[in-house]
There are 2 protein chains.
Amino acid sequence: MLKPSIPKGTRDFSPEEVTRRNYIFDIIKETFSLYGFQPIETPSFENSETLMGKYGEEGDRLIFKILNSGDFLSKVDDKVFSEKDSNKITSQISEKALRYDLTVPFARYVVQHQNEITFPFKRYQIQPVWRADRPQKGRFREFFQCDADVVGSNSLWQEVEFVQLYDAVFSKLGLKGVTIKINNRKILSGIAETIGAEDKLIDFTVALDKLDKIGEEGVKTEMRNKGIGEDALQKLQPLFSFKGNNNDKLNSLREMLQTSGLGMKGVEELTFITDNVETLGLQTASLEIDVTLARGLNYYTGAIFEVSAPAEVNMGSIGGGGRYDDLTGIFGLKDMSGVGISFGLDRIYLVLEELNLFPATVAKNTKSLFINFGEKEALYAMKAITNLRKIGITAELYPDNVKMGKQMGYADKRDIPFTILAGEKEIQAESFTLKNMKSGEQSQVSFKELEAFLKDR
Amino acid sequence: MLKPSIPKGTRDFSPEEVTRRNYIFDIIKETFSLYGFQPIETPSFENSETLMGKYGEEGDRLIFKILNSGDFLSKVDDKVFSEKDSNKITSQISEKALRYDLTVPFARYVVQHQNEITFPFKRYQIQPVWRADRPQKGRFREFFQCDADVVGSNSLWQEVEFVQLYDAVFSKLGLKGVTIKINNRKILSGIAETIGAEDKLIDFTVALDKLDKIGEEGVKTEMRNKGIGEDALQKLQPLFSFKGNNNDKLNSLREMLQTSGLGMKGVEELTFITDNVETLGLQTASLEIDVTLARGLNYYTGAIFEVSAPAEVNMGSIGGGGRYDDLTGIFGLKDMSGVGISFGLDRIYLVLEELNLFPATVAKNTKSLFINFGEKEALYAMKAITNLRKIGITAELYPDNVKMGKQMGYADKRDIPFTILAGEKEIQAESFTLKNMKSGEQSQVSFKELEAFLKDR
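- Chain A carries the name Histidine--tRNA ligase in an unreviewed UniProt entry, which gives Aequorivita vladivostokensis as its organism.
- Listed under Catalytic activity (unreviewed entry) in UniProt, the entry text for chain A is "tRNA(His) + L-histidine + ATP = L-histidyl-tRNA(His) + AMP + diphosphate + H(+)".
- In the Subunit (unreviewed entry) part of its UniProt record, chain A is described as follows: "Homodimer."

A short note on the relation of the copies chain B and chain A
Okay, so step 1: Each copy superposes on the other: chain B lies on chain A with an RMSD of 0.1 Å after a rotation of 180 degrees and an axial shift of 0.0 Å. In short, the pair behaves as if placed about a two-fold rotation axis. For chain B, the smallest separation between a C-alpha atom and the rotation axis is recorded for Ile66(B), amounting to 2.2 Å.
Okay, so step 2: When the interface residues of chain B are mapped onto chain A, 100% of them again fall at the interface, so both copies present the same face.

Notes on the interface of chain B and chain A
Okay, so step 1: With 105 residues of chain B at the interface, the matching set in chain A holds 106 residues.
Okay, so step 2: Here chain B and chain A share an interface that buries about 9,000 Å² over both sides, 60% of which is from carbon and sulfur atoms.
Okay, so step 3: Summed over the shared surface of chain B and chain A, the number is 8 salt bridges.
Okay, so step 4: One salt bridge in this structure joins Asp12(A) and Arg108(B), with 2.6 Å as the shortest N-O distance.
Okay, so step 5: Taken together, chain B and chain A are joined by 36 residue pairs in polar contact (both at pLDDT 80 or more).
Okay, so step 6: It is helix H15 (residues 375-390) of chain B that provides the largest number of residues to the side of chain B that touches chain A, a total of 8 residues.
Okay, so step 7: Along the lines of polarity and charge, the residues of the side of chain B that touches chain A split into 44 nonpolar, 36 polar and 25 charged.

With respect to the packing of helix H10 (residues 211-225) of chain A against helix H11 (residues 230-240) of chain A
All names here are of chain A.
Okay, so step 1: For the pair H10 and H11, the least separation of the axes is 10 Å and the interaxial angle reads 160 degrees. Comparing the axis directions of H10 and H11 gives the class roughly antiparallel. Classified by chirality, the crossing of H11 by H10 is right-handed. Seen from H10, the contacting residues are Leu-211, Glu-216, Val-219, Lys-220, Met-223 and Arg-224; seen from H11, they are Glu-230, Leu-233, Leu-236, Gln-237 and Phe-240.
Okay, so step 2: Within the contact of H10 with H11, the residues separate by chemical class into 6 nonpolar, 1 polar and 4 charged.

Some words on the packing of aromatic side chains
Residues and elements named next belong to chain A.
Okay, so step 1: Scanning the model with the defined rule gives 45 aromatic pairs over all chains in all.
Okay, so step 2: On the basis of an interplanar angle of 50 degrees and a centroid distance of 4.4 Å, the ring pair of Tyr-55 and Tyr-100 is categorised as tilted. Pair noted here: Tyr-55 is in the loop between helix H2 (48-51) and helix H3 (56-62) and Tyr-100 is in the loop between strand S4 (96-98) and helix H6 (103-112), with a separation of 45 residues, a long-range link.
Okay, so step 3: Taken together, the ring pairs connect Phe-32, Phe-37, Tyr-124, Phe-162, Tyr-166, Phe-170 and Phe-343 into an aromatic cluster.
Okay, so step 4: Arg-11 extends its terminal NZ or CZ atom over the ring of Phe-140, reaching a point 3.4 Å from the ring centre.
Okay, so step 5: Sitting over the ring of Tyr-100, Arg-131 keeps its end group 4.2 Å from the ring centre.

Cut-offs used in this document
- Note on numbering: residues in each chain are counted from 1, in written sequence order.
- Chains carry letters from A onward and ligands carry numbers from 1 onward, assigned in written order.
- In keeping with the predicted nature of the model, local features appear solely for residues at pLDDT of at least 70, side-chain atom pairs appear and are counted solely at 80 or more, and the whole-chain, interface and lining totals rest on all residues.
- In computing side-chain properties, one takes all heavy atoms of the structure into account and sets aside hydrogens as well as water.
- UniProt positions are given in the numbering used here, feature names are shortened, and annotations may be inferred rather than shown by experiment.
- Each copy is superposed on the other by least squares, with the fit set by C-alpha atoms of residues at a pLDDT of at least 70 in both.
- We call two residues in contact whenever any of their non-hydrogen atoms come within 4.5 Å of each other.
- We define buried area as the total accessible area lost by two parts upon association, computed with a 1.4 Å probe and summed across both.
- By definition, a salt bridge exists where a carboxyl oxygen of Asp or Glu is found within 4 Å of a side-chain nitrogen of Lys or Arg.
- Contacts described as polar in this section are N or O atom pairs within 3.5 Å, which, within protein, must combine one atom able to donate a hydrogen with one able to accept it, while residues neighboring in sequence count only if both atoms come from side chains.
- Runs of E in the DSSP output that reach at least two residues are strands. Runs of H or I that reach at least four are helices, and both are numbered from the N terminus.
- Gly is placed with the polar residues, together with every amino acid not listed as nonpolar (Ala, Val, Leu, Ile, Met, Phe, Trp, Tyr, Cys and Pro) or charged (Asp, Glu, Lys and Arg).
- Fitting a line to C-alpha atoms yields each axis, with helices limited to the stretch in contact; the angle taken between N-to-C directions then spans 0 to 180 degrees.
- Note on angle classes: values under 35 degrees are labelled roughly parallel, values over 145 roughly antiparallel, values of 65 to 115 roughly perpendicular, and the remainder oblique.
- In this scheme the crossing of two helices becomes right-handed for a clockwise turn of the near helix relative to the far one and left-handed for an anticlockwise turn of less than a right angle.
- Stacked, tilted and edge-to-face are the three classes applied to pairs of Phe, Tyr and Trp rings, where Trp contributes its six-membered ring and a pair requires centres within 6.5 Å; stacked means planes under 30 degrees apart, edge-to-face means over 60, and tilted covers the rest.
- Note on geometry: a ring has a charge over it if NZ (lysine) or CZ (arginine) is within 6 Å of the ring centre and within 35 degrees of the ring normal.

See the structure below:
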């Protein structure tokens, strides 16, 4: 028999991993809730027409399709069948597909339930998504997304709140030195307009977004290749020497964009957000204008966010988001502006692990193991265990009456800090022998003393 | 454009539903953890060979298969293709399938990770499963299962603990009057042996299991139809008049099964469990021997559990489980005895709803909404909100400066109990006007007073 395995790109999570992941989720959920976001959940699979065509051609390919049940081939047109063309046959043998992200299902949810929802609607959603991507380090075929969005209002206070929310979550996680980078789609459009490259907005921003990776000359070369002229590049020059704090950058942008109405609107929005965030203050993160930030430009219409881990860890973005003006238009509901952010769970996990930031107590481990000396002794132990559990103290009985060494070994391996021994002598004295597994120290205690001792641990 | 919808048998969960479901999950998780169970998670899809053939022919049909990515038809043998046979082609175009339950993935997990696991291994797992069942009232194609198992020990103390665990969970949920029914596979085998129907064990127990539904005569008719003779039915008669408490039933069983070694072993096990549970005591549930209980007999080898909701609600079982001797044999790891139970989330939800047992405070709702009177006032409000959130008080700003009636209406619809108004006058006085949305009462308060007031709510 082959050793059992799991599909590539998927993962089993051990107790320790689940506990650590839940530690992150719990802090995020608690903070979402504190900020007035409410949880929703949507089905793991959607009708194919809900998902297909929403993520581009590449996205369509990466969506996991579910085979129809029963005699699915009986519904396939003979002509289509004879062609043996995988693309053509897919829609005839598959009507459902696994969720690819949380945004499209959320849009579908808002449209479907629009009459039950009170707008502005602040929702969060933490669920797995599936992508038939080539698995590689840190990229999985099943992973959790963790999104918060507000739809039904244009207020920029929401952008301010999202910056505060990022700061609150990372502060609670003990992750100091996070940078929240912010840009605005209108500024990117304004720059393209100013340099006379409106028609090449996408090429322009895709190239600009790579400044970090390929440097100024690389960006310029790519822009030239895309047909952006020397004149335009000349006008762009100030962007490459952007320096100073957010105010300095805003001043430079104002100068650069004075002839673009759209660009100036972007600067105004950015100013509102950075000014108010500064006045309200952040705990441990910093907010930094980054005019090269583009992220899924086609989607965003206002603010664009991206969160970088502290400089000492080499990790890409650990969060991102932005404002979009037409989330639900694809499902027939117009004029529903929204803004949202997401947290990159897997990367946050790796960062906390690398920086040793998971609290030692995060694993809700059993505090005490009662050693099993036989039926009568086990019943005596179980009475104590039952009473301990009633007041919320985790305790376990080793289930079998085996050699003490084996039972002690079990406590060791599971990192249970205290073992409790109760044999004939202890039962007579209505007491317990409490053993500290680390120090080896032993003491005789009454149940009251045992309870008080474990309660404090 | 068509109104968007979701696949039949699936559900969207609104904020209220998610919150109530999490209320149940949290109590179950907390109790699992208190009893020393640790969480694991497995991937949503497994390799098809892990799942197929494990749930019988019907099960195989109900497993959702995932279509291979890319040009999946290119790998299909031409001869197979030309037959246009859905069954034959399935394994050539699909290599993965959605989890059908949590038991088989758990068995796979134990075998795959046997060298990392400390046995006895107490794990719990709460994840969705998918079945291509015909959807009907209360039966879904996607639903959560919620299982706890111990593997690697034969100790009957674990059965005792599972009874306590059921009792603890339902007591915490405020659901009084739950009945935990218990039987033992060895007793069923013993009875079949005693009446000379060992070879008809399955038919015999399937019929007996229907006593509740079709009555004594119905059961007898079905047994006769399956070839169980009058002689055997005569010997069976005492079973139909089983009365009294658990001790009375055990005495009757001892009498009935005295010639069956296996049957007497079952009685002994049952006695151990019921005696010790009685000595240790239950909070609100009761434990009741039910010799007709069979549940997936092929699977269980010792104790069999089933939990019934209180008599006043008309709901089937809300939990069940039992002991099995060979969970992991299918994956090549022999002699791994285990015992497990599960909670039926959807039914527990319906029961709590019907009996009005969800606490009113279960929804983590925003306590206070600050009314938006414009940019300056909003900033004043946001300063207060920022400080409230820092100490864990949920508060929100209405994002837009619209008519007060609309803002108040929003607070009403979202059941936010307090609104806070701060205009020019309040800003001057460094104060806030606090309005109780229920009584209409208003009062002028300082930030300190506001904070103290909301903290107590």
